[in-house]
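What follows is each chain in one-letter form.
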Amino acid sequence: MLLRDVPDGTTEIETLSWWASVEAILAFAGEDYKKARYYPEDDRFLLTKPEFVTHFEVMVDARHDR
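This is a predicted model, so every value here is computed, not measured. (Residues numbered from 1 in each chain as written. Predicted model: local features only at pLDDT ≥ 70, side-chain atom pairs only at ≥ 80, totals over all residues. Heavy atoms only, no water.)

Help me get a handle on the overall build of the chain, residues and values and all.
When its secondary structure is counted, the chain shows 1 helix and 2 strands. Ordered by position from the N terminus, the helices and strands of the chain form the series β-β-α. In terms of overall size, the chain is more extended than a compact globule, its C-alpha atoms giving a radius of gyration of 15 Å where 66 residues would be expected to give roughly 11 Å. If one aligns the C-alpha atoms of the chain with their principal axes, the spans along those axes are about 40 × 35 × 15 Å. Burial statistics for the chain: of 66 residues in total, 8% are counted as buried. The contacts of the chain with a sequence gap of at least 6 include a subset with a gap of at least 24, amounting to 9%. For the chain, the accessible surface area stands at approximately 6,500 Å², while carbon and sulfur atoms represent 56% of it. (Helix = DSSP H or I, 4+ residues; strand = E, 2+ residues; numbered from the N terminus. Rg over C-alpha atoms; globule rule 2.2 N^0.38 Å. Buried < 20%, exposed > 50% of the residue type's maximum accessible area, 1.4 Å probe, protein only. Contact = heavy atoms within 4.5 Å. Areas by Shrake-Rupley, 256 points an atom, 1.4 Å probe, with all protein chains shown as cover.)

The structure is reproduced here in structure tokens:
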């Protein structure tokens, strides 16, 4: 998780997760895997809930280069 305090007194949080494959993401999120999934308790903590997530492909993973 990445955090940063912003001048208005709030804190922005960016959550990163690593998945073994797109198929693993599909198994969790369903066919519309770009749509964000939230839990009921998220309303207590989040000021906004974006509709979509962003997916990236890992090209270099230093954990496996040693």
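So what's going on with the pattern of salt bridges? Residues and values would help.
A complete count under the given rule lists 2 salt bridges for this structure. For Arg4, the salt bridge identified is with Glu12, shortest N-O distance 2.7 Å. Taking the relative accessible area as the measure of exposure, Arg4 reaches 52% and is therefore exposed. Between Asp43 and Lys49 there is a salt bridge, and its shortest N-O distance comes to 2.7 Å. (Salt bridge = Lys/Arg side-chain N within 4 Å of Asp/Glu carboxyl O.)

For the layout of surface pockets, give the residues involved together with the corresponding values.
A volume near 1,800 Å³ is recorded for the largest pocket. Taken together, 39 residues make up the lining of the largest pocket; nearest its centre are Glu14, Thr15, Leu16, Ser17 and Val53. For the lining of the largest pocket, the residue count by class is 24 nonpolar, 8 polar and 7 charged. (1 Å grid on protein atoms, 1.4 Å probe; cavity = no way out; pocket = protein on both sides within 12 Å on 5 of 7 lines; lining within 4 Å. Points joined across faces, edges and corners; volume = space filled by probe spheres on them. Nonpolar A, V, L, I, M, F, W, Y, C, P; charged D, E, K, R; others polar.)

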